[in-house]
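# An overview of the molecular structure
What follows is each chain in one-letter form.
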Amino acid sequence: MCEYLDIGEDMNVPDDFTQKEMQTGMWWRHLAAGGVAGAVSRTCTAPLDRLKVFLQVNPSRQKIADCFNNMLKEGGVKGLWRGNGINVLKIAPESAIKFAAYEQVKRLIKGDSQHALSIYERFCAGALAGGISQTAIYPLEVLKTRLALRKTGQYKSIADAAYKIYITEGSMSFYRGYIPNILGIIPYAGIDLAVYETLKKKYFMTHSSNEQPSFWMLLACGSASSTLGQMCSYPLALVRTRLQAQGKYIHLSNIAIPFSNNSRGRKSV
C-alpha cells in the first residue's frame, strides 16, 4: 500500500509482498526504505504533529496561530521538534512487529490453501497485526505525547522522562489511552484498506491489468484512503491523546491547561 504523509499515526494495513520478494529478500529493502521515508516525513511534519497534540489537549477554543506562537515563545524554533526523536525511534520496532504479526496471521487464515486473501481477510489480518504492534510500542506513544507537551528543562532526555513518569505515576501510566487507541485501529484499517482497494479497482477498470499505476496515482489513492480513515477514527485519537496527557506533574505552561487528577472545576477525561 502506498505510503502517505506520515506524522506518527501508523495504523494502516501492511503491504502484501509477492512470493518472489519474500524469497529474494526484497521485502526487507522495502521495509528499510519505508522506515527512512517515514523518519524524514515525521521530522519534516514534527511541528504540525506537536501543534496537533497541543490543540487536542487544550479544552479552550484556541486559534491555531496563537497556539503556534505560544509554542515558539516558550521553546523557540528548536522546541517545535520536541518529541520527534522518540517518534522516529519507534518506526523500526513498530514496522518490524506489525510485518511479522501480519505474516503470521495471514498464514493462520490461509492454512493449507493457496488462495489470495480477500479484502475482508486482509482487514482482519491487518487490524490484528496493528493491535499487536500498538500494544508492544504503546509506552513509546505515551512518552512521545508527554515529551511533545513538556516545558523547557522539564526532562533531560527520553530516559529521564520515562524514569520520572514511572516514579511519580507508576507503570500503568504508560498505557493510558490504550483502549481508545486499539478501538481506533478497527475503523482506520477497515476504511483505509477498503477505499484504497476500491480506488485501485476503479483504475484497472479503465486501464489494462498489465499497466501498473503511476506513482502519483498510488499517492492519490493512498492519501485519500488514509485521510478518510483518519477522519473516522479521529474522535478516538482525541480521547487517546487526552488520556495520555493526564498526569500529576504535567505542566503545559500557557499553551494548554494542565490535566491533573485534582484539577478544580474540570473532570478528568
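Everything below is about the structure printed above this text.
The text that follows walks through the structure, step by step, so that each part is easy to find. Predicted, not measured: the structure shown is a model, and the values here were computed from it. (Residues numbered from 1 in each chain as written. Predicted model: local features only at pLDDT ≥ 70, side-chain atom pairs only at ≥ 80, totals over all residues. Heavy atoms only, no water.)

## A look at the overall build of the protein chain
Within the protein chain one finds 10 helices and 0 strands. Moving toward the C terminus, one meets the helices and strands of the protein chain in the order α-α-α-α-α-α-α-α-α-α. Within the protein chain, the fraction of its 269 residues that count as buried is 43%. For the protein chain, contacts bridging at least 24 residues in sequence account for 76% of all contacts bridging at least 6. As displayed, the protein chain has an accessible area near 14,300 Å², and 64% of this comes from carbon and sulfur atoms. (Helix = DSSP H or I, 4+ residues; strand = E, 2+ residues; numbered from the N terminus. Buried < 20%, exposed > 50% of the residue type's maximum accessible area, 1.4 Å probe, protein only. Contact = heavy atoms within 4.5 Å. Areas by Shrake-Rupley, 256 points an atom, 1.4 Å probe, with all protein chains shown as cover.)

## Considering the nonpolar core
Burial of nonpolar side chains together is a common tendency in soluble globular proteins. Counting residues in hydrophobic clusters, the biggest one holds 9 residues: Leu51, Val53, Phe54, Val57, Cys67, Met71, Leu80, Leu149 and Ala245. Those elements that place two or more of their residues in this core are helix H3 (46–57) and helix H4 (64–75). For this core, the leading source of residues is H3, giving 4 residues. Counting 7 residues, the second largest nonpolar core, distinct from the first, contains Ile86, Leu147, Tyr155 and Ile165. (Core = buried A, V, L, I, M, F, W, Y, C linked by side-chain atoms within 4.5 Å.)

## Describing the environment of Val40
As for its placement among the helices and strands, Val40 is situated in helix H2 (residues 26–44). Residues Val40 and Val88, 48 residues apart in the sequence, show an inter-C-alpha distance of 8.6 Å.

## A look at the packing of aromatic side chains
Aromatic rings considered in pairs are described by the distance between their centres and by the relative angle of their planes. Throughout the structure, instances matching the rule amount to 3 aromatic pairs. Considering the side-chain rings of Tyr138 and Tyr175, the 5.8 Å spacing of their centres and the 25 degrees angle between planes classify their relative orientation as stacked. In this pair, Tyr138 sits in helix H7 (residues 119–149) while Tyr175 sits in the loop between helix H8 (158–169) and helix H9 (178–206), placing the two residues 37 residues apart along the sequence. Overall, the relative accessible area of 0% leaves Tyr138 in the buried class. In this structure an aromatic cluster arises from ring pairing among Tyr138, Tyr175 and Tyr178. (Phe/Tyr/Trp six-rings, centres within 6.5 Å; stacked < 30°, edge-to-face > 60°.)

## Concerning H3
Over its 12 residues, H3 runs 17 Å from end to end, which matches the ideal 16 Å to within 8%, given 1.5 Å per residue. Buried residues dominate H3, accounting for 10 of its 12 residues. Of all the positions in H3, only Ala46, Pro47, Asp49, Arg50, Leu51, Lys52, Val53, Phe54, Gln56 and Val57 are classed as buried. (Expected span 1.5 Å × (residues − 1).)

## A word on the pattern of salt bridges
Considering all chains together, one arrives at 10 salt bridges under this definition. Here Lys90 and Glu94 are joined by a salt bridge, their closest N and O atoms 3.6 Å apart. Exposure class is identical for Lys90 and Glu94. Each is buried. (Salt bridge = Lys/Arg side-chain N within 4 Å of Asp/Glu carboxyl O.)

## Some thoughts on the packing of H9 against helix H10 (residues 215–245)
Orientation of H9 relative to H10, taken along the N-to-C sense of each, is 165 degrees, at an axis distance of 8 Å. Between H9 and H10, the angle falls in the class roughly antiparallel. Remark: the crossing between H9 and H10 carries right-handed chirality. Taken together, the residues of the contact of H9 with H10 sort by class into 18 nonpolar, 8 polar and 2 charged. (Axes fitted to C-alpha atoms, helices over the stretch in contact; angles between N-to-C directions. Parallel < 35°, antiparallel > 145°, perpendicular 65-115°, else oblique. Left-handed = near helix turned anticlockwise from the far one by under 90°. Nonpolar A, V, L, I, M, F, W, Y, C, P; charged D, E, K, R; others polar.)

## Details of the environment of Ala220
Tracing the backbone through its elements, the reader meets Ala220 in helix H10. For Ala220, a relative accessible area of 43% puts it in the partly exposed group. Along the backbone, Ala220 and Leu199 are 21 residues apart, and their C-alpha atoms lie at a distance of 9.4 Å.

## Things to note about the packing of H7 against H8
In the contact formed by H7 and H8, the axes pass within 10 Å of each other and the chain directions differ by 100 degrees. Looking at the two axes, H7 sits roughly perpendicular to H8. Here Leu143, Arg146 and Leu147 of H7 come into contact with H8, specifically with Ile158, Ala161, Ala162, Ile165 and Glu169.

## Comments concerning H8
If you check H8, its first and last C-alpha atoms are 16 Å apart, about what 12 residues at 1.5 Å a residue would give, namely 16 Å. The first or second residue beyond H8 is Gly170, which carries a positive phi of 90 degrees.

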